[in-house]
Amino acid sequence: KEKVEITKEQRALMKVIVEAYNRHQIPQDMAKKLLQEQYSAEENFLLLTEMATNQVQVLVEFTKNIPGFLSLDHEDQIALLKGSAVEAMFLRSAQVFSRKMPTGHTEVLEERIRKSGISEEFITPMFNFYKSIGELHMAQEEQALLTAITILTPDRPYVKNQQAVERLQEPMLDMLRKLCVLQHPQEQQYFARLLGRLTELRTLNHYHAEMLTSWRVNDHKFTPLLCEIWDVQ
Ligand SMILES: COc1ccc(-c2nc3ccccc3n2[C@H](C(=O)Nc2c(C)cccc2C)C2CCCCC2)c(OC)c1
C-alpha cells in the first residue's frame, strides 16, 4: 500500500487556504435566523440576495489567498469568479445545512427553506445535493480545498489560458486526494465521491437563474453584483 504523506509545503499551503476559508465565513447566523422565525417570501428573497451578494464579496477575498490566483491573467480571474460563484454559494449552503445541529433543528431549517418562496420544482434537486454533501461529513480542510478546486475549474466560459488554471488546480487536487486517504482510510473511493459532488453542483448551475426569477414574489429586485453573477435581469 502506497505511503501517502503530506509534505511540509503542502501543509503550509493548506493552512493558508483553510484560514482564508474560515476568515471569510459569511455570518453563519443565517441558519439561526431561519430557525428563529418563519419569514415571508419577500423577506426571504431579500435575505437570499443579501447573503448571495455578501458571499460573492467573500469569494473574491478567499481567492486572493489561493496561491498563484492573483498572477493569472486578470480577465481569467474574473471568468473564474463569475463561473464559480453560484457553485460556491450552493457549496456553502450545503455546508451550512449539513452542520451538526441540536435534535430537530435540521428538520425545522429544511421546512423553512421549503417554504421560503422558492418554487417547488427546485426543492428536490437542491436538497438531494445538500444531503449528498452532508453524508460525506467533510472536514473543514476538505471543504476549503473543494471550494478552491471549484474556483480553479479550467473549463469555465471565456477562460483564455486554461493550462495556467490547471497548474494551480492540480496541487489542490493532490492535497485533497492525500487528505482523503489520511482522514477516511476506511473509504477507498472517498476522494472520487467528493469530486463527484462537483459534477452534481454543476447541474444546480443550470437552473439557479430560474430558481430566482420563479421565487414567489411580485417584484424580483437584484443588486448590480448579482445581475453580473446570476445572469438575471
Ligand atoms: C437560489 O435559490 C436558493 C434557495 C435557497 C438557498 C439556501 N439553502 C440554504 C441552506 C441552509 C441555510 C440557508 C440556505 N439558503 C439561503 C441562503 O441564505 N443561502 C446562502 C447564500 C445564498 C450565500 C451564502 C450562504 C448561504 C447559506 C436561504 C436564504 C433565505 C431563505 C431561505 C434560504 C439558496 O442558497 C444558495 C439558494
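The structure reproduced in this document is the subject of the present report. (Residues numbered from 1 in each chain as written. Predicted model: local features only at pLDDT ≥ 70, side-chain atom pairs only at ≥ 80, totals over all residues. Heavy atoms only, no water.)

### Side note on the nonpolar core
Thinking step 1. Judged by nonpolar contacts, the single largest core of 76 residues is most densely connected at Phe90, Phe129, Met172 and Trp230.
Thinking step 2. By residue number, the principal contributor to this core is helix α4 (residues 74–97), which donates twelve residues.
Thinking step 3. Dropping the residues within four chain positions of it, Trp230 is found in contact with Leu48, Thr49, Ala52, Val86, Met89, His208, Ala209, Leu212 and Phe222. (Core = buried A, V, L, I, M, F, W, Y, C linked by side-chain atoms within 4.5 Å. Buried < 20%, exposed > 50% of the residue type's maximum accessible area, 1.4 Å probe, protein only. Helix = DSSP H or I, 4+ residues; strand = E, 2+ residues; numbered from the N terminus. Contact = heavy atoms within 4.5 Å.)

### Some remarks on the pattern of salt bridges
Thinking step 1. This structure, assessed with the given rule, holds 15 salt bridges.
Thinking step 2. Taking the shortest distance from any N to any O, the salt bridge between Arg114 and Glu110 comes out at 2.7 Å. Taken as a pair, Arg114 and Glu110 lie in helix α5 (residues 105–114) at a separation of four residues, close to a single helical turn.
Thinking step 3. Classification of Arg114 by relative accessible area gives partly exposed; the value is 29%.
Thinking step 4. Residue class for Glu110 comes out buried when judged on its relative accessible area of 13%.
Thinking step 5. A salt bridge links Arg177 to Asp174; its shortest N-O distance comes to 2.6 Å. Of this pair, Arg177 and Asp174 are both found in helix α8 (residues 162–183), three residues apart, which corresponds to roughly one turn of the helix.
Thinking step 6. According to the relative accessible area criterion, Asp174 is partly exposed, its value standing at 25%.
Thinking step 7. Linked by salt bridges that have partners in common, Asp73, Glu75 and Lys160 make up one network. (Salt bridge = Lys/Arg side-chain N within 4 Å of Asp/Glu carboxyl O.)

### Some details on α4
Thinking step 1. Over its 24 residues, α4 runs 34 Å from end to end, which matches the ideal 34 Å to within 8%, given 1.5 Å per residue.
Thinking step 2. The largest bend in α4 is about 45 degrees, located at Ser84.
Thinking step 3. For α4, the buried fraction is high: 19 of the 24 residues fall into the buried class.
Thinking step 4. Its side-chain oxygen placed 2.8 Å from the backbone nitrogen of Glu75, Asp73 serves as the N-cap of α4. (Expected span 1.5 Å × (residues − 1). Bend = angle between axes of the 7 residues up to and from the residue. Polar contact = N/O pair within 3.5 Å; in protein donor to acceptor, adjacent residues only side chain to side chain.)

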